[in-house]
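The primary structure of each chain is shown beneath.
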Amino acid sequence: MEKKVTKIGVLTSGGDAPGMNAAIRAVVRTGLYYGLEVYGVMRGYQGLIDDDIYKMESRSVANIIQRGGTILKTARCKEFYEPEGRRKAYATLKKRGIDGLVIIGGDGSFRGAGKLSHEFDVPCIGLAGTIDKDIAGTDFTIGFDTAVNTAVEAIDKIRDTADAHDRLFIIEVMGRDAGYIALHSGIATGAEHILIPERKTDIEQVVDSLLEKEKRKKLVNMIVVAEGDGFGGAEEVARHIKEKVPNADTRVCILGHIQRGGSPSCLDRLIASRMGYQAVECLLEGRYNVFVGIQNNKMHYIPLQNAVKAKGKISEEWMKIVRILAS
Ligand code: F6P
């Protein structure tokens, strides 16, 4: 028999992502609907270790569905990845009688939760939340859609000035391990090249194609680079291009953390609300130690300890589309 969950904690962990607040709201309100006590844990796993926790009511999550960031704050907590850190975290849970935990974050946060549940038998549910969309087994992660739209809006603006000056822009978007933001925003803005960690960057091929376009006087050129691309990011790419294509008036723009902020898109609010509701359903049904993702518009549950980065899942056809449409 699964034990009955009565008091649950919710936390956000790792890089924040727009829509995390909508997910917190959904967890709190669904938990209260089913008569559970709900506790907010501050700064991710650090709040468990430090016992920085407060009881949440329906009003605690009023007026947050549209806000970026996370009202619970977040952290990348190294201490929790050590056994002693998890022991302290468990001591807090035990002291407070919290018998179920919802973790909104990425694959690293899920593996940490998997260890906690394995070592101390704490039911944990993960919700896929990261702008990078780099978690295997889910078509969406909370925050990705907003981040991509932020990048598209910014790149469109860069295109205006690139066009006015006939310049070449190398634009860096976020994605330390994954190229999804680069690929989606690059295709949506008509980038000439998209450089991502999942593909080896052939810089000479980029140079050749720029020289060829120079010959036929193709004017607006934008290259979108994921920060984790193997050649070394936008600065390195620009340094090489300036050397090999000296006639191009080349500029670099690194979009950075603006991609992590802002009001979540409708899609992010929706998936966050659905996932948050589902997390509580999972705890009540005894479907423990999984993270909630979405596949083919249906909820999908993956064991926490199997959480891995979605590496190498970039479709070859998408890369072909980039090449054809940039010609
Ligand atoms: O949240 C994921 C991410 O945005 C990555 O794309 C990026 O490399 C990283 O976080 C940046 O993290 P930090 O804000 O801790 O520097």
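Residues numbered from 1 in each chain as written. Predicted model: local features only at pLDDT ≥ 70, side-chain atom pairs only at ≥ 80, totals over all residues. Heavy atoms only, no water.

On inspection of all chains with the given rule, the structure shows 19 salt bridges. Here Lys213 makes a salt bridge to Glu192, at a shortest N to O gap of 2.8 Å. Highlighted residues: Lys213 in helix α7 (residues 203-215) and Glu192 in the loop between α6 (180-189) and β7 (193-195), separated in sequence by 21 residues. The exposure class of Glu192 is buried, given its relative accessible area of 5%. For Glu204, the salt bridge is made with Lys244, and the minimal N-O distance between the two is 3.5 Å. Of the two residues, Glu204 is situated in helix α7 and Lys244 in helix α8 (residues 233-244); the sequence distance between them amounts to 40 residues. For Glu204, a relative accessible area of 35% translates into the label partly exposed. Each of Asp51, Lys95 and Arg96 takes part in a single network of salt bridges with overlapping partners. (Salt bridge = Lys/Arg side-chain N within 4 Å of Asp/Glu carboxyl O. Helix = DSSP H or I, 4+ residues; strand = E, 2+ residues; numbered from the N terminus. Buried < 20%, exposed > 50% of the residue type's maximum accessible area, 1.4 Å probe, protein only.)

The next point concerns the nonpolar core. In this structure, Leu48, Leu127 and Ile181 are the most contacted members of the largest nonpolar core, which totals 90 residues. Broken down by element, this core gets its largest block of residues, nine residues, from helix α5 (residues 144-165). Here this core spans two domains, since at least three of its residues come from each of domain 1 (7-143 + 264-309) and domain 2 (145-260). Aside from chain neighbours lying at most four places away, what touches Ile181 is Ile131, Asp132, Phe144, Ala147, Val148, Ala151, Val173, Met174, Gly186 and Gln259. (Core = buried A, V, L, I, M, F, W, Y, C linked by side-chain atoms within 4.5 Å. Domains from an automatic or database assignment. Contact = heavy atoms within 4.5 Å.)

Attention now goes to the pairing of strand β4 (residues 100-105). In terms of residue burial, β4 counts as a mostly covered element, since six of its six residues are buried. What you see with β4 is no split at all: Gly100, Val102 and Ile104 on one side and Leu101, Ile103 and Gly105 on the other are buried throughout. In this structure, strand β1 (residues 7-12) lies alongside β4, joined through five bridges in parallel fashion. Opposite Val10, over in β4, you have Val102 as the bridge partner. Where β4 meets strand β5 (residues 124-128), five bridges bridge the pair, whose relative direction is parallel. Considered in β5, the bridge of Leu101 is made with Cys124. After leaving β4, the chain enters helix α4 (residues 107-120) and then returns to the sheet as β5, a path that is right-handed. (Pairing = 2+ DSSP bridges. Right-handed = clockwise from strand over helix to strand, strands pointing away.)

Taken together, the side chains of Asp156, Asp160, Asp163 and Asp166 define an acidic patch exposed on the protein surface. With respect to the secondary-structure elements, Asp156 resides in helix α5. (Patch = residues over 30% accessible without salt bridge, like charges linked within 9 Å, V, L, I, M, F, W, Y side chains within 5 Å. Areas by Shrake-Rupley, 256 points an atom, 1.4 Å probe, with all protein chains shown as cover. Lys, Arg positive; Asp, Glu negative; His and termini not counted. Charge placed at Lys NZ, Arg CZ, Asp CG, Glu CD.)

Turning our eyes to something else, we now look at the domain arrangement of the chain. The domain architecture assigned to the chain consists of domain 1 (7-143 + 264-309) and domain 2 (145-260). Taking the mean C-alpha position of each, domain 1 and domain 2 sit 34 Å from one another. Opposite the 14 residues of domain 1 that make contact, domain 2 presents 13 residues. When domain 1 packs against domain 2, close to 1100 Å² is buried across both sides, 52% of that on carbon and sulfur atoms. If you sort the residues of domain 1 by the area they bury against domain 2, Ile131, Asp132 and Lys133 come out on top, with a joint share of 41%. (Buried area = accessible area lost by both parts, 1.4 Å probe.)

When you tally the buried positions in strand β10 (residues 290-295), you get five out of six residues, the bulk of the element. Taken together, the three bridges between β5 and β10 define a ladder with parallel strand orientation. Note on β10: the bridge partner recorded for Ile125 is Val290. Sheet topology note: the β10/strand β11 (residues 298-303) ladder contains six bridges and is antiparallel. Residue Phe291 lies in a different strand from β11, and its bridge partner there is Ile302. Taking the residues between adjacent antiparallel strands as the criterion, β10 and β11 are bridged by two residues, where Asn296 takes a positive phi near 50°.

To continue, consider the packing of α6 against helix α10 (residues 316-325). Here α6 crosses α10 at 35°, and the two axes come no closer than 10 Å. Pair α6 / α10 crosses with left-handed handedness. Along the contact surface, α6 presents Leu183, His184 and Ile187, while α10 presents Trp318, Met319 and Val322. When grouped by side-chain class, the residues that make up the contact of α6 with α10 number five nonpolar, one polar and no charged. (Axes fitted to C-alpha atoms, helices over the stretch in contact; angles between N-to-C directions. Left-handed = near helix turned anticlockwise from the far one by under 90°. Nonpolar A, V, L, I, M, F, W, Y, C, P; charged D, E, K, R; others polar.)

Let us now look at a nonpolar patch on the surface. The grouping of Tyr33, Tyr34, Tyr277 and Leu284 at the surface amounts to a nonpolar patch, some 440 Å² of accessible area in total. The exposed category is assigned to Tyr33, whose relative accessible area is 65%.

In this section: unusual backbone geometry. Positioned with a positive phi, Asn289 is a non-glycine residue whose angle comes to about 60°. Examined against the element boundaries, Asn289 turns out to sit in the loop between α9 (266-285) and β10. Take Asn289: its relative accessible area is 23%, and that puts it in the partly exposed class. Phi is positive for Asn297, which is not a glycine, with a value near 65°. By the element assignment, Asn297 lies in the loop between β10 and β11. For Asn297, a relative accessible area of 53% gives the class exposed.

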